[in-house]
Amino acid sequence: MLLRLALSLLPFVGSALSQTGGPYTDPDNGITFWGYTDPVHQVTYGYVFPPLAAAGGTQPNEFIGEIVAPIATKWAGVSPGGSMLQNLLLVAWPNGNSIVRSARIATDYVQPTAMSGPVLTDLPSTKVNSTHWKWVYRCVNCVSWSTPGGTRSIPIDGSGVAAWAWSSVAVDSPSNPQSTFLEHNDFGFFGLDWSTAHVSQAAYDIWKNGGTGGPTTTTTTTTTTTTQPPVTATPYDYIVVGSGAGGLVVADRLSETGKKVLLLERGGPSTWETGGRYGPTWANGHNLTKFDVPGLFESMFNDGNPFWWCKDINVFAGCLTGGGTSINGALYFLPPYSDFAPTTGWPVSWGNHAPYTAKLKARLPSTDAPSTDGKRYLEQTFDVAATLLKGQGYRQITINDNPDSKDHVFGYSAYNFVGGKRTGPVATYLRTAKARKNFTFKNYVYVLNVVRKGAQITGVKTNDTSLGPDGVIPLTPKGRVVLSAGSFGSPRILFRSGIGPTDMINIVKNDAAAGPNLPPQAEWINLPVGYNVSDNPSINLVFTHPSVDAYDNWAPIWTNPRPADSAQYLKSSAGVFAQASPRLNFWRAYSGSDGKTRWLQGTVRPGAASVTTSYPYNASNIFTITAYLSTGITSRGRIGIDAAMTARALVAPWFTDPIDKAVLIQGLNDIVSNIKSVPGLTLITPDNTTTIANYVNNYDPGSLNSNHWVGSNTIGRVVDENTKVFNTNNLFVVDASIIPQMPMSNPHATIMSAAEQGVARILALPGGP
Ligand SMILES: Cc1cc2nc3c(=O)[nH]c(=O)nc-3n(C[C@H](O)[C@H](O)[C@H](O)COP(=O)(O)OP(=O)(O)OC[C@H]3O[C@@H](n4cnc5c(N)ncnc54)[C@H](O)[C@@H]3O)c2cc1C
Ligand SMILES: *[C@@H]1O[C@H](CO)[C@@H](O)[C@H](O)[C@H]1NC(C)=O
Ligand SMILES: *[C@@H]1O[C@H](CO)[C@@H](O)[C@H](O)[C@H]1NC(C)=O
Ligand SMILES: *[C@@H]1O[C@H](CO)[C@@H](O)[C@H](O)[C@H]1NC(C)=O
Ligand SMILES: *[C@@H]1O[C@H](CO)[C@@H](O)[C@H](O)[C@H]1NC(C)=O
Ligand SMILES: *[C@@H]1O[C@H](CO)[C@@H](O)[C@H](O)[C@H]1NC(C)=O
Ligand SMILES: *[C@@H]1O[C@H](CO)[C@@H](O)[C@H](O)[C@H]1NC(C)=O
Ligand SMILES: *[C@@H]1O[C@H](CO)[C@@H](O)[C@H](O)[C@H]1NC(C)=O
């Protein structure tokens, strides 16, 4: 079984973060490793390298490593290069009293396969005892390796991020080094200064030949205590944390009033305008990055160097300027009334969203024909799906002309691309904010917690000590902080500030770095941060139709696009590359057996994330209908942190209520009910050997994720109707986390309308700067 891995649960991808490894000496073998013990599973991952070659010399292409794991670990793996694709992956597991291991490589987020090149030798301290298993190995041909995309290597003379993967489910055939296995249940990263992880040749030679102890490190780290000049910090009226859908609207509107506003973003630039420079070679000289070109959206998911994903959140989340709006599909659906209705959990006072949505629309218009020549491209999937849906009583509308029409309707997918380029809040709200003298934007600043004395916030603590003593940036006396760090990021900042459920704050308290920044326990504020979250459960149906151009499943768009299409885009921002992958969206209302109404949304696009069928099919003709259940779902989950401070779903939010699942199954059956009336249309996943119900029942739970998380700081429970955190004087949250219930559609327009309304309330609230 090959395609057993989930796609939408963040497959591990590497880069910078807070967990950092360091040197330790393993008492069993006397080897000094540089590595890290994951505090959740208590697995240690270590590495040590021969000395760095002198300039011009030849670097030995090898290292010694180890994995020491409690017996509950059924398999574990490492990627010293820090991400899954095109990287050396080493996996190991115990089989009786021995260790079985292999080197693997993956070119897509599926089962990694055997990697030729690396030569693994087990060292004598490898063992299995009653409590642990331990693999100590020499890996030759392992510092650099070749992949279909070129040569890649571990940055052994600098810093990097190493990744690990972990599972509590045993591999399929433990005695076989090439055994298949289910997707890891957990993964993580740690930063490592590889340049220090080298020992003398003498020591390395002893260890690589199975010796122990011996001369230890030659690299002595000299800690020079330079006295730094005292830093002075600038106080701000408003500090906004996070430059995503919520934060950019908030920061721009606050700065419009002339207040001194600081916007802090942990990630780096995205689009060319913001300083980003990561673009495809085919666009060289055109000032276009991956984040500018709409048609590169699908390449976010199969890039070997995906620096833009947050590494300490275990689902997809964008950590760069623009947050999710710089990496998302940019589907943009203006909210219907129900998105802000009291029946969906909003305070009554929020019911009239129209003026705020109008403000949003004025800044950021929508289009369902984003190519600059006004033509539509690659429309075969629209035509096929439209025929199918019309047979089910659907009618075609212009979606954003009729936001409240959401039953039995379909239309061309709507986006906020302008001029054939990704626009979103970055090329609008951030652009106007940046032009103001009293607005300051900083990239690469990670906010750890707010600094507070009881209910009063006095500033934010960051990881950048150049911005203030201990990294603290103060507020002016009446100043305020607005958290817009997203559904996972904002709860974590609250936990680290002593706000939230006691179990989460206790995890912070037990962390050596974060614990000391907590206020005294008497000042902890108990609120249901992280509870009652939702995300659309979504299921993919994959079809073929002879008319459909699957666009090579988007695989060559980054390195080797269809020449006519890239040329057309470079010439006039027109054609296939002026749009992301979706072509059609539809909605239908369902009444569940509990009498509640739930809405189903569908998205149709050429290509497919994975196909499972026992029949041959024409891969050039595949397309996907993703069906999501949205407003009205009753399932809820919980977001929290683990001992590594990684933000994650502690309770998955999909199908906790079986009625949600029953309604989605009914909806999927309806979608294919008249398939025979569309000549040539074939459902290939699931194929005719599997019923829809069985397909849904056996769906990989992680793949139900839609990346549309809301509700972790629900309005009315964590924040009041002015978005102020209960029991604080001057701390606010404005982002997806305050939204009480799944919006009707992909949520970022609703989040931005909520931000327009939220910031208006913050400005109107007395007592501020
Ligand atoms: C792959 C993917 C595809 C999607 N497709 C669509 C789509 O087509 N249409 C749609 O409407 N929605 C889509 N979404 C969802 C949408 O992008 C999100 O709902 C939206 O971006 C959430 O907005 P937000 O302001 O709450 O948070 P985000 O946009 O996530 O922004 C949070 C920001 O805060 C920063 N941050 C977090 N923690 C800190 C910290 N401690 N210090 C400093 N900065 C911090 C982050 O780096 C980030 O920039 C998609 C999401 C994903 C992941
Ligand atoms: C098993 O090995 C591990 C790793 O070396 C060690 O920490 C542990 O104490 C050993 N357990 C027993 C029961 O000897
Ligand atoms: C910028 O802030 C200062 C100090 O708060 C204020 O005096 C000034 O008017 C502001 N400038 C603008 C353009 O609003
Ligand atoms: C690209 O940007 C640079 C400055 O960043 C500018 O000088 C140049 O004219 C731009 N080129 C194009 C093709 O827009
Ligand atoms: C702070 O964290 C960000 C995000 O992880 C990182 O890019 C930056 O380098 C860090 N800054 C410092 C001074 O360590
Ligand atoms: C979750 O939501 C339900 C229904 O709105 C509510 O009854 C419950 O109290 C909420 N739980 C928390 C912890 O807020
Ligand atoms: C598969 O589809 C493509 C594109 O429609 C077509 O050119 C090709 O002939 C088909 N292949 C087969 C084997 O039918
Ligand atoms: C199932 O689908 C395959 C491939 O499309 C087809 O050959 C077969 O006849 C179908 N079987 C049934 C029972 O419909």
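Residues numbered from 1 in each chain as written. Chains lettered and ligands numbered in written order. Predicted model: local features only at pLDDT ≥ 70, side-chain atom pairs only at ≥ 80, totals over all residues. Heavy atoms only, no water.

The protein chain carries the name The GMC oxidoreductase family protein in an unreviewed UniProt entry, which gives Lyophyllum shimeji as its organism. Quoted straight from UniProt, the Cofactor (unreviewed entry) entry for the protein chain says "FAD". (UniProt positions renumbered as here; feature names shortened; annotations may be inferred.)

A. Looking closely at the overall build of the protein chain. In terms of helices and strands, the protein chain carries 11 helices and 31 strands. For the protein chain, whose C-alpha radius of gyration is 26 Å, the value lies close to the compact-globule estimate of 27 Å for 769 residues. Referenced to the eigenvectors of the C-alpha coordinate spread, the extents of the protein chain come out at roughly 75 × 70 × 55 Å. The long-range fraction of contacts in the protein chain, counting pairs at least 24 apart against all pairs at least 6 apart in sequence, stands at 71%. Carbon and sulfur atoms make up 53% of the accessible area of the protein chain, which amounts to about 27400 Å² in all. Charge separation in the protein chain, taken as the distance between the mean sites of 54 positive and 50 negative side-chain charges, equals 5 Å. (Helix = DSSP H or I, 4+ residues; strand = E, 2+ residues; numbered from the N terminus. Rg over C-alpha atoms; globule rule 2.2 N^0.38 Å. Contact = heavy atoms within 4.5 Å. Areas by Shrake-Rupley, 256 points an atom, 1.4 Å probe, with all protein chains shown as cover. Lys, Arg positive; Asp, Glu negative; His and termini not counted. Charge placed at Lys NZ, Arg CZ, Asp CG, Glu CD.)

B. Molecular detail of the domain arrangement of the protein chain. Entries for the protein chain in the domain assignment read domain 1 (22–208) and domain 2 (240–270 + 308–358 + 416–526 + 713–769). Here domain 1 and domain 2 have C-alpha centroids that lie 38 Å from each other. (Domains from an automatic or database assignment.)

C. Spotlight on the packing of aromatic side chains. Enumeration over the complete set of coordinates arrives at 37 aromatic pairs. Both rings, one in Trp-282 and one in Phe-577, keep their centres 4.9 Å apart while their planes meet at 55°; by these two values the pair is tilted. Of the two residues, Trp-282 is situated in the loop between β17 (261–264) and α3 (354–363) and Phe-577 in the loop between α8 (563–572) and β25 (584–591); the sequence distance between them amounts to 295 residues. The same class applies to Trp-282 and to Phe-577, which are both buried. Among the aromatic residues, those joined into a cluster by ring pairs are Tyr-278, Phe-291, Phe-297, Phe-301, Phe-307, Trp-308, Trp-309, Phe-316 and Trp-558. (Phe/Tyr/Trp six-rings, centres within 6.5 Å; stacked < 30°, edge-to-face > 60°. Buried < 20%, exposed > 50% of the residue type's maximum accessible area, 1.4 Å probe, protein only.)

D. Examining the site of ligand 1 more closely. The full set close to ligand 1 counts 38 residues, and Gly-246, Glu-265, Val-447, Ala-736 and His-748 are the nearest of them. Gly-323 places a polar main-chain atom, nitrogen or oxygen, 3.4 Å from an oxygen atom of ligand 1. His-748 has a polar side-chain atom sitting 2.6 Å from an oxygen atom of ligand 1. For ligand 1, whose accessible area on its own is 1000 Å², the fraction buried by protein is 94%. Residue assignment for the shell around ligand 1 shows that the elements contributing at least two residues are α2 (245–256), α6 (486–496) and α11 (748–764). Among the residues making up the shell around ligand 1, the classes are represented as 19 nonpolar, 16 polar and three charged. (Near = heavy atom within 4 Å. Polar contact = N/O pair within 3.5 Å; in protein donor to acceptor, adjacent residues only side chain to side chain. Nonpolar A, V, L, I, M, F, W, Y, C, P; charged D, E, K, R; others polar.)

E. Seen up close, the state of the cysteines. On inspection of all chains with the given rule, the structure shows two disulfides. Paired by a disulfide, Cys-139 and Cys-142 hold their sulfur atoms 2.0 Å apart. When the S-S torsion is -65°, as for the bridge of Cys-139 with Cys-142, the disulfide is left-handed. Of the residues examined, Cys-139 reaches a relative accessible area of 0% and is grouped as buried. With a relative accessible area of 0%, Cys-142 lands in the buried category. Paired by a disulfide, Cys-310 and Cys-319 hold their sulfur atoms 2.2 Å apart. Residues Cys-310 and Cys-319 share a disulfide whose torsion about the S-S bond is about 95°; that sign makes it right-handed. In this structure, Cys-310 and Cys-319 share a single accessibility class: buried. Listing the disulfide partners of the protein chain by sequence rank of the bonded cysteines yields 1-2, 3-4. (Disulfide = S-S within 2.5 Å.)

F. Region of the structure containing the sheet that holds strand β24 (residues 538–544). Judged by pairing direction, the sheet is mixed, and its seven strands sit side by side in the order β18-β19-β25-β26-β27-β24-β30 without closing on themselves. The sheet terminates laterally at β18 (395–396) and β30 (682–685), the two strands that pair on one side only. Direction of pairing for strand β26 (residues 597–606) relative to strand β27 (residues 622–629): antiparallel, over a ladder of seven bridges. Of the residues in β27, the one forming a bridge with Pro-606 is Phe-623. Relative to the sheet, helix α4 (residues 380–390) contacts β18, β19 (409–412), β25, β26 and β27, its axis offset from that of β19 by approximately 170°. Sitting on the sheet, helix α9 (residues 658–671) is in contact with β24, β25, β26 and β27, with an inclination near 145° to β27. (Pairing = 2+ DSSP bridges. Axes fitted to C-alpha atoms, helices over the stretch in contact; angles between N-to-C directions.)

G. Spatial organisation of the nonpolar core. Ile-239, Val-481 and Phe-586 are the most contacted members of the largest nonpolar core, which has 126 residues in total. With seven residues, the single largest contributor to this core is α11. With near-sequence residues (within four places) excluded, Val-481 lies in contact with Ile-239, Val-241, Val-450, Ile-457, Val-460, Leu-475, Asn-730, Leu-731 and Phe-732. If you look at the next biggest cluster of nonpolar residues, it comprises 47 residues, including Tyr-36, Ala-76, Ala-92 and Trp-133. (Core = buried A, V, L, I, M, F, W, Y, C linked by side-chain atoms within 4.5 Å.)

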